[in-house]
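Summary of the model geometry
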Amino acid sequence: SACLVGSEMCIRDSRYIAASASLFIAKRNSDLSHKIVLSAPFSENIERKKQFTELAVEELKRAISYGFVEVSTAALNELGNLYASFGKAILNSERPDNLSAQVLAEYQLLLEEQAYPFEEKAISVYENNLDYVREGIWNNDLRESLSALVNLVPGKYAKQLRLAGSY
């Protein structure tokens, strides 16, 4: 349907389209980031992964800023996925050859230290997304955020997943 220039409905529709477009672009960059494996040449791959991640984060934040619940819950869920994926990529990155067992163990600890902040960010974003449940909202993106929290923090969230089915 056509809208009158300057009408409130037209502006709202345009803003929703812009929010959805930001989410679409963000997911595209996020998908590209997920596909990059941290292997040799490590510095080149981490830089490419970081670049796509930063572009996705920027677009996800833009999508959230429009304030549409459907877009915001999807964007927050994707943001959590992006942070979790980056942390996992660090943990699963290629190890240098010819390291002694002790040095390899130390290397693993260093990787865990680098991955930890990304896991914490993911948890925080997923938890922020669940704030929508308090407003009476429940959708697939919130369900996915809760499921991710069950995997990341099972002691706190595993029992809540069982309750989600009856919501």
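Quick note: structure is the one above.
Since we're looking at a predicted model, the values are computed, not measured.

**Quick notes on the environment of tyrosine 83**
Tracing the chain through its elements places tyrosine 83 in helix H3 (residues 69-91). What makes tyrosine 83 buried here is its relative accessible area of 11%. Residues within four places of tyrosine 83 in sequence aside, it is in contact with Val57, Phe118, Lys121, Ala122 and Val125.

**Regarding the environment of lysine 88**
With respect to the element layout, lysine 88 can be found in helix H3. Here the alpha-carbon distance between lysine 88 and alanine 18, two residues 70 residues apart in the chain, equals 31 Å.

**Describing the pattern of salt bridges**
Scanning the model with the defined rule gives 4 salt bridges in all. For glutamate 58, the salt bridge is made with arginine 62, and the minimal N-O distance between the two is 3.6 Å. Of this pair, glutamate 58 and arginine 62 are both found in helix H2 (residues 42-65), 4 residues apart, which corresponds to roughly one turn of the helix. Its salt-bridge partner being glutamate 127, residue lysine 156 comes within 3.5 Å of it at the nearest N-O pair. In this pair, lysine 156 is assigned in helix H6 (residues 154-164) and glutamate 127 in helix H4 (residues 101-130), connecting sequence segments 29 residues apart. Assessed through its relative accessible area of 43%, lysine 156 is described here as partly exposed. When salt bridges with common partners are traced through the structure, they connect Glu58, Glu59 and Arg62 into a single cluster.

**Quick word on the nonpolar core**
Counting 30 residues, the largest nonpolar core has Leu23 and Leu60 as the members making the most contacts within it. Looking at this core, the elements with two or more residues in it are helix H1 (8-35), H2, H3, H4 and helix H5 (140-152). In this structure leucine 60 touches Leu23, Ala26, Ala75, Glu78, Leu79 and Leu82, once residues within four positions along its chain are discounted. Counting 6 residues, the second largest nonpolar core, distinct from the first, contains Leu38, Phe86, Ala89 and Ile90.

**Focus on H5**
Given a rise of 1.5 Å per residue, 13 residues ought to cover 18 Å, and the 18 Å separating the end C-alpha atoms of H5 matches this to within 8%. Looking at H5, one finds that the buried residues are Asp141, Leu142, Ser145, Leu146, Ala148, Leu149 and Val150.

**Thoughts on the side chain of glutamate 78**
Relative to the elements of secondary structure, glutamate 78 occurs in helix H3. Lysine 27 is the oppositely charged side chain nearest to the buried, salt-bridge-free glutamate 78, at an N-O distance of 5.1 Å. For glutamate 78, the residues in contact, after removing those within four places along its chain, are Lys27, Ser30, His34 and Leu60.

**A word on unusual backbone geometry**
Residue proline 41 follows alanine 40 across a cis peptide bond; omega there is -5°. Mapped onto the secondary structure, proline 41 falls in the loop between H1 and H2. For asparagine 98, which is not a glycine, the phi torsion comes out positive at approximately 60°. For asparagine 98, the position within the fold is in the loop between H3 and H4. Among the residues examined, asparagine 98 registers a relative accessible area of 81% and is labelled exposed.

Parameters and conventions
Residues numbered from 1 in each chain as written. Predicted model: local features only at pLDDT ≥ 70, side-chain atom pairs only at ≥ 80, totals over all residues. Heavy atoms only, no water. Helix = DSSP H or I, 4+ residues; strand = E, 2+ residues; numbered from the N terminus. Buried < 20%, exposed > 50% of the residue type's maximum accessible area, 1.4 Å probe, protein only. Contact = heavy atoms within 4.5 Å. Salt bridge = Lys/Arg side-chain N within 4 Å of Asp/Glu carboxyl O. Core = buried A, V, L, I, M, F, W, Y, C linked by side-chain atoms within 4.5 Å. Expected span 1.5 Å × (residues − 1). Lys, Arg positive; Asp, Glu negative; His and termini not counted.

So yeah, pure geometry; function would need other evidence.
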